[in-house]
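Structure at a glance
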Amino acid sequence: MENITKIQLGQNGPLVSKLGLGCMRMSSVWGSPTPNETESIATIHEALDNGINFLNTGDFYGAGHNEMLIGKAIKDRRDDAFISVKFGAIFHNGQWLGLDLRPIAIKNFINYSLTRLGIETIDLYQPSRMDGSVPVEDIIGTVADLIQEGKVRHIGVSEITADQLRQANSIHPISALEIGYSLADRQIENDLLPVAKELGIAVVAFANTAEGLLTGEMKAPLAANDYHNHFSRFQGENLIHNLEKVEVLKQLAHNKGCTPTQVAIAWVKEQGDHIMPLVSMSRRSRLPENMKALDIVFTPEEMNTLNTTFAIGAIRGGTYLQR
């Protein structure tokens, strides 16, 4: 197993890999075809072999398929994996219906997840987001009860406000905040990131390439059936403007002998010792490129170029938050 940089979850939490493996794309999401299961499991195994032990899923990814897949992959390797599970999102026929964060529902969700994963304890358990319909103290308090029962080790939160984060942490220590963060989506730098750092909470940052915008592979206009068309940042003049910004990223990557995706991941990694880039993969071929991003460092001039080009508000149009 390779020595990969570690990050601590919370003030007294466990050490996990600085790069996290997002498993969502290993299941059918939003009507997409289900990827090859054998390749997905092989990807998890190779990630574990390389020291990437943080596996991120949701009980609603593929209506439970994702958890069952991970369960197969870690069947004989439970101690190698740190499993993070989101709960609370309700879907029907692939359509988002809302959230169910009632204590009675959480107690139901956890048992289904443990069964699908084939494990006795989930390492990090977190509501997928808050919606105000259930008090934060009831949600976090219920997960804290699950810790006492031995079904959960640590509590995380996802897509939450700074005030909610403070409130959650006052009820029970929060180990990790999962949130979208990239060069193109930096709004959380204003209040949420400072609060997480103040409270000693690790940040699990997903959407590092901003739904593919920062890969350098997009061209305008998109095909009519491209799912990116649902996001305003990929429409019309917004996309043209945004791709002009990406040209700067592409040139910087070219000069450094790496890919735009690697630069995007490395930038997130460089934002703090408490920040973990969470990268979704379903193929082993993606692992080497994404792992090498952890080795990239920037000169002050390069960092200034990135931060100036992608200042808050520089990218036009809605983000994943407007899904």
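Let us look at the structure shown here. (Residues numbered from 1 in each chain as written. Predicted model: local features only at pLDDT ≥ 70, side-chain atom pairs only at ≥ 80, totals over all residues. Heavy atoms only, no water.)

Here we take up the environment of Gln 164. Relative to the elements of secondary structure, Gln 164 occurs in helix α5 (residues 162–171). For the pair Gln 164 and Ala 42, spaced 122 residues apart in the sequence, the C-alpha separation amounts to 38 Å. The contact partners of Gln 164, leaving out residues within four places of it in the chain, are Met 130 and Val 136. Of note is the side chain of Gln 164, whose polar atom sits 3.0 Å from the backbone nitrogen of Thr 161. (Helix = DSSP H or I, 4+ residues; strand = E, 2+ residues; numbered from the N terminus. Contact = heavy atoms within 4.5 Å. Polar contact = N/O pair within 3.5 Å; in protein donor to acceptor, adjacent residues only side chain to side chain.)

As enumerated under the stated definition, the model contains nine aromatic pairs in all. Pairing Phe 54 with Phe 82 gives two aromatic rings, centres 5.6 Å apart and planes at 20 degrees, and the pair type is stacked. Residue Phe 54 is found in strand β4 (residues 54–58), and its partner Phe 82 is found in strand β5 (residues 82–87); the two are separated by 28 residues along the sequence. Assessed through its relative accessible area of 0%, Phe 54 is described here as buried. On the basis of relative accessibility, which here comes to 7%, the residue Phe 82 falls in the buried class. On the numbers, 5.3 Å between centres and 55 degrees between planes, the contact of Tyr 181 with Trp 267 is tilted. Of this pair, Tyr 181 sits in the loop between β10 (174–180) and α6 (192–199) while Trp 267 sits in helix α8 (residues 260–269), and the two are 86 residues apart along the sequence. For the residue pair Tyr 181 and Trp 267, the accessibility class agrees, reading buried in each case. (Phe/Tyr/Trp six-rings, centres within 6.5 Å; stacked < 30°, edge-to-face > 60°. Buried < 20%, exposed > 50% of the residue type's maximum accessible area, 1.4 Å probe, protein only.)

So, on to the sheet that holds β4. Each strand in a sheet pairs with another by means of backbone hydrogen bonds, the pair being arranged parallel or else antiparallel. Around the barrel, eight strands lie side by side as β3-β4-β5-β8-β9-β10-β11-β12; this closed barrel has parallel pairing. Across this sheet, the average inter-strand angle for adjacent strands is 30 degrees, counted without regard to direction. Bridge count for β10 against strand β11 (residues 202–206) is five bridges, and the pairing is parallel. By the bridge assignment, Ala 176 is partnered in β11 with Ala 202. Sheet strands touched by helix α2 (residues 65–73): β4 and β5. Its angle to β4, the strand with the most contacts, is close to 150 degrees. Contacting β5, β8 (122–127), β9 (152–158) and β10, helix α4 (residues 136–148) crosses the sheet at an angle of about 160 degrees to β9. (Pairing = 2+ DSSP bridges. Axes fitted to C-alpha atoms, helices over the stretch in contact; angles between N-to-C directions.)

Moving on, we come to the side chain of Ser 182. With respect to the element layout, Ser 182 can be found in the loop between β10 and α6. Here Ser 182 falls in the buried class, since its relative accessible area comes to 0%. Residues within four places of Ser 182 in sequence aside, it is in contact with Ala 207, Asn 208, Ala 210, Leu 214, Trp 267 and Val 268.

Along helix α10 (residues 300–309), the residues that are buried comprise Glu 302, Met 303, Leu 306 and Thr 309. Seen end-on, α10 carries its buried residues on one side only, within an arc spanning 140 degrees. Exposed and oriented more than 90 degrees from the buried face of α10 are Pro 300, Glu 301 and Thr 308. On its buried face, α10 is in contact with α7 (236–256) and α8. (Arc of directions from axis to C-beta.)

On to the pairing of strand β6 (residues 89–92), then. Two strands pair when backbone bridges link them, and β6 and strand β7 (residues 95–99) are joined in this way by four bridges, in the antiparallel orientation. When the sheet's bridge partners are listed, Ile 90 is paired in β7 with Gly 98. What sits between β6 and β7 in their antiparallel hairpin is a turn of two residues, with Asn 93 showing a positive phi close to 50 degrees.

Pro 221 follows Ala 220 through a cis peptide bond whose omega is -5 degrees. With respect to the helices and strands, the residue Pro 221 is situated in the loop between β11 and α7. Its identity is not glycine, yet Glu 159 carries a phi of approximately 45 degrees, on the positive side. With respect to the secondary-structure elements, Glu 159 resides in the loop between β9 and α5.

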